[in-house]
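Descriptive structure summary
Chain by chain, the residues run as shown.
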Amino acid sequence: MTHTNSCPTVRPRTAHDLDGCVRALAAVHARDGYPVNWPEHPAAWLDQPSLLGAWVAELDGRLVGHVTLARPAAGDAAPALVGAGVDFRDVAVLGRLFVDPAARGHGIGALLMARVADEARERGLRTVLEVVAKDTAAVALYERLGWEFLDTVEQRWGPGGRAVSVRCYATP
């Protein structure tokens, strides 16, 4: 992709964005293996029931990134690691974060994360996330942005409960 001088923008996701999100997610899955297990219904996976909000990034009029903020779900490890004195109801999970490989290098991941952190702060929520430990680019981004490393845990995901090592982070 030819880099342009345009700036990426972040806005709330609409129902009309889901097809573009699935296309970008498919490119990410093909390149990076995220998500670890391709969902049977990718649009429904993006529109999880516990959703508090979802945002997309656009660059040159093209949808190139996505992120969600959601209530913790059963099986999420990071919310339990936040620490003493933090009520589970005061925690939200940053998830479904991806940037189309053809649009990387524009700070889109950081913009999406900042938007979620702002929304969580406005709601009085502490934000956590989980990332597959072998995803070193994502780990580097979270650490560069000052997210607090909580622990590495083993999760069981997908068909057959495949064991996956994940790093858990929280907003500082």
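For the structure itself, look to the data block above.
The following paragraphs examine the structure supplied in this document. Since the structure is predicted, the reported quantities are computational estimates derived from the model, not experimental observations.

Taken as a whole, the largest pocket holds about 1,400 Å³ of empty space. If you go around the largest pocket, you meet 49 residues; those closest to its centre are Tyr34, Arg96, Leu97, Glu130 and Tyr142. Among the secondary structure elements, those contributing two or more residues to the lining of the largest pocket are α1 (18–32), β4 (91–99), α4 (108–122), β5 (126–132), α5 (136–144), β6 (148–157) and β7 (162–170). In terms of residue count, β4 provides more of the lining of the largest pocket than any other element does, seven residues in total. Of the residues assigned to the lining of the largest pocket, the class counts are 26 nonpolar, 12 polar and 11 charged.

What follows concerns the sheet that holds strand β2 (residues 51–59). Taken in spatial order, the seven strands make up an open sheet running β1-β2-β3-β4-β5-β7-β6, and their pairing is mixed. Each having just a single partner strand, β1 (9–12) and β6 make up the two edges of the open sheet. Strand-to-strand twist in this sheet, taken as the mean axis angle between neighbours without regard to direction, amounts to 30 degrees. Taken together, the eight bridges between β2 and strand β3 (residues 62–70) define a ladder with antiparallel strand orientation. Across the sheet, residue Gly53 finds its bridge partner in β3, namely Leu69. Sitting on the sheet, α1 is in contact with β2, β3 and β4, with an inclination near 75 degrees to β4.

A full pass over the atoms with the stated rule returns three aromatic pairs. Summarising the aromatic geometry, the rings of Phe149 and Tyr169 are spaced 5.6 Å apart at their centres and angled 65 degrees between planes, so their arrangement reads as edge-to-face. Residue Phe149 is located in strand β6, and its partner Tyr169 is located in strand β7; the two are separated by 20 residues in the primary sequence. Accessibility expressed as a relative area gives 37% for Phe149, which makes it partly exposed.

Moving on: the nonpolar core. Core analysis: the largest hydrophobic core is formed by 25 residues, its most contacted members being Leu94, Ile108, Leu112, Met113, Leu129 and Tyr142. When contributions to this core are tallied by element, the ones reaching two or more residues are β2, β3, β4, α4, β5 and α5. In terms of residue count, α4 provides more of this core than any other element does, five residues in total. With near-sequence residues (within four places) excluded, Leu129 lies in contact with Ala78, Leu94, Met113, Tyr142, Trp147, Arg167, Cys168 and Tyr169. Counting residues in each nonpolar core, the second largest holds 14 residues, with Val36, Val82, Val132 and Val153 among its members.

Bringing the side chain of Thr171 into the picture now. Position of Thr171 among the secondary structure elements: in the segment after β7. Owing to a relative accessible area of 13%, Thr171 belongs among the buried residues under this scheme. Apart from the residues lying within four places of it in its own chain, the contact partners of Thr171 are Arg126, Thr127, Trp147 and Glu148.

Cut-offs used in this document
- Residues numbered from 1 in each chain as written.
- Predicted model: local features only at pLDDT ≥ 70, side-chain atom pairs only at ≥ 80, totals over all residues.
- Heavy atoms only, no water.
- 1 Å grid on protein atoms, 1.4 Å probe; cavity = no way out; pocket = protein on both sides within 12 Å on 5 of 7 lines; lining within 4 Å.
- Points joined across faces, edges and corners; volume = space filled by probe spheres on them.
- Helix = DSSP H or I, 4+ residues; strand = E, 2+ residues; numbered from the N terminus.
- Nonpolar A, V, L, I, M, F, W, Y, C, P; charged D, E, K, R; others polar.
- Pairing = 2+ DSSP bridges.
- Axes fitted to C-alpha atoms, helices over the stretch in contact; angles between N-to-C directions.
- Contact = heavy atoms within 4.5 Å.
- Phe/Tyr/Trp six-rings, centres within 6.5 Å; stacked < 30°, edge-to-face > 60°.
- Buried < 20%, exposed > 50% of the residue type's maximum accessible area, 1.4 Å probe, protein only.
- Core = buried A, V, L, I, M, F, W, Y, C linked by side-chain atoms within 4.5 Å.

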